[in-house]
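Secondary and tertiary structure notes
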Amino acid sequence: MMDTTNWKVTEAPTCPHCKTVMEQMDSRHMDWESPYLWVCFNNECTLFKKGWNHMMESVGQLVSYRFMIHPQSGEKGVIPAFSHDYLAKHGKPGDPYPEE
Ligand SMILES: [Zn+2]
């Protein structure tokens, strides 16, 4: 078990943009110094949807970002979301390149 005594957010928070209960995303292989991040996975999230349009217009690419909260610091931010599939595949523990 992890010692989460000093963590700010250890219970699933609610996304301020869409009121969806956020879920843990494995981030052990990412640069966040935390085994997971709280991420809003709602594809209807206003922040997520706004992101698609914004990124389409500014860089012409289908990427967006999702709202996230760092469990240890309680810091709020966004993470890039290339697609829901990307996060589903690469945000899971273990093999980053699962079988097709
Ligand atoms: Zn949301």
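First, a word on what this report is: a plain description of the structure on this page. Since this is a predicted model, take the numbers as computed values, not measurements. (Residues numbered from 1 in each chain as written. Predicted model: local features only at pLDDT ≥ 70, side-chain atom pairs only at ≥ 80, totals over all residues. Heavy atoms only, no water.)

1. Observations regarding the pattern of salt bridges
What the rule picks out here adds up to two salt bridges. Its salt-bridge partner being Lys49, residue Glu44 comes within 3.0 Å of it at the nearest N-O pair. Using a relative accessible area of 51% as the deciding quantity, one classes Glu44 as exposed. (Salt bridge = Lys/Arg side-chain N within 4 Å of Asp/Glu carboxyl O. Buried < 20%, exposed > 50% of the residue type's maximum accessible area, 1.4 Å probe, protein only.)

2. Concerning the sheet that holds strand S4 (residues 76-81)
Across a sheet, paired strands are connected by hydrogen bonds in the backbone, their directions being either parallel or antiparallel. Ordered by their spatial adjacency, four strands build an open sheet running S1-S2-S3-S4, and the pairing between neighbours is antiparallel. The sheet is open, and its two borders are formed by strand S1 (23-26) and S4, each paired with just one other strand. Adjacent strand axes in the sheet meet at a mean angle of 50 degrees when their direction is disregarded. As paired strands, strand S3 (residues 64-69) and S4 are joined by six bridges and run antiparallel to one another. In the sheet register, Ser64 faces S4, and the bridge partner there is Ala81. (Pairing = 2+ DSSP bridges. Helix = DSSP H or I, 4+ residues; strand = E, 2+ residues; numbered from the N terminus. Axes fitted to C-alpha atoms, helices over the stretch in contact; angles between N-to-C directions.)

3. Looking at the coordination of the zinc ion
Distances from the zinc ion to its protein donors, Cys15 (SG), Cys18 (SG), Cys40 (SG) and Cys45 (SG), fall at 2.2 to 2.4 Å. Given four donor atoms and angles of 98 to 116 degrees at the metal, the environment of the zinc ion is assigned as tetrahedral. Written as a sequence motif, the donor residues of the zinc ion are C-x2-C-x21-C-x4-C. Linking Cys18 in the segment before S1 with Cys40 in the loop between strand S2 (36-39) and helix H1 (46-59), this pair joins segments that are 22 residues apart in sequence. Looking at Cys40, the relative accessible area reads 1%, which means it is buried. (Donors = N, O, S within 2.8 Å, 3.2 Å for Na, K, Ca; no water. Tetrahedral: all angles 85-135°; square planar, octahedral: opposite > 155°, others 65-115°.)

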